[in-house]
Amino acid sequence: MFGISFSEIVLILIVAIIVLGPQQLPNLAQKLAKFFIWLRKLQNNLHTQLYQQTGLAEIYSVQQQLAESFQQLKQQLDYTQDNSHLNDQLNYMHNIDFLYQPELDFDYQPELFDELDI
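To continue, consider the overall build of the chain. Helices and strands together make up the secondary structure of the chain, namely 4 helices and 0 strands. What you see in the chain, going N to C, is helices and strands ordered as α-α-α-α. The 118 residues of the chain split such that 3% are buried. Carbon and sulfur atoms provide 62% of the accessible area of the chain, an area that totals close to 11400 Å².

Here it is in structure tokens:
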């Protein structure tokens, strides 16, 4: 905690009891707690005012909308990947590729007709 060990905290408490006395220590702790609560409220107020004035609220809402649309697109893609008929069609297309024989493709090899006298 803040680079302070337990033994250092105990030493600070002992010195505080000796200097302030056991009667004033609870009042001091209460005032410190109120100060830290006030400081926290001040920090939150500054944060919200800065957030509103800089327009970060609008940027955050746009970010949320983009995240939602991204999630919807992701769900649609997951849905299409889950369909087995698409996978079957892809497998069928891959199986057709082996049927192609480039040596018999006359459109790309017109020299095959040169030898024939028709």
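Another point: a nonpolar patch on the surface. A surface patch of nonpolar side chains, amounting to about 770 Å² of accessible area, comprises Leu28, Leu32, Phe35, Phe36, Trp38, Leu39, Leu42 and Leu46. Within the secondary structure layout, Leu42 lies in helix 2 (residues 25–53).

Under the 1.5 Å per step criterion, the end-to-end length of helix 1 (residues 6–20) is 21 Å for 15 residues, consistent within 8% with the ideal 21 Å. Positive backbone phi, at 90°, marks Gly21, one or two positions downstream of helix 1.

Take helix 2 next. Look at helix 2: 42 Å from first C-alpha to last across 29 residues, which is about the 42 Å you get at 1.5 Å a residue. In the stretch just after helix 2, Gly55 is the one whose phi turns positive, near 80°.

Right, let's get into the packing of aromatic side chains. Within this structure, the stated rule accounts for 2 aromatic pairs. Summarising the aromatic geometry, the rings of Phe35 and Trp38 are spaced 6.1 Å apart at their centres and angled 35° between planes, so their arrangement reads as tilted. Taken as a pair, Phe35 and Trp38 lie in helix 2 at a separation of 3 residues, close to a single helical turn. Through pairs of rings, three or more aromatic residues link up here, namely Phe35, Phe36 and Trp38.

What counts and how
- Residues numbered from 1 in each chain as written.
- Predicted model: local features only at pLDDT ≥ 70, side-chain atom pairs only at ≥ 80, totals over all residues.
- Heavy atoms only, no water.
- Helix = DSSP H or I, 4+ residues; strand = E, 2+ residues; numbered from the N terminus.
- Buried < 20%, exposed > 50% of the residue type's maximum accessible area, 1.4 Å probe, protein only.
- Areas by Shrake-Rupley, 256 points an atom, 1.4 Å probe, with all protein chains shown as cover.
- Patch = residues over 30% accessible without salt bridge, like charges linked within 9 Å, V, L, I, M, F, W, Y side chains within 5 Å.
- Salt bridge = Lys/Arg side-chain N within 4 Å of Asp/Glu carboxyl O.
- Expected span 1.5 Å × (residues − 1).
- Phe/Tyr/Trp six-rings, centres within 6.5 Å; stacked < 30°, edge-to-face > 60°.

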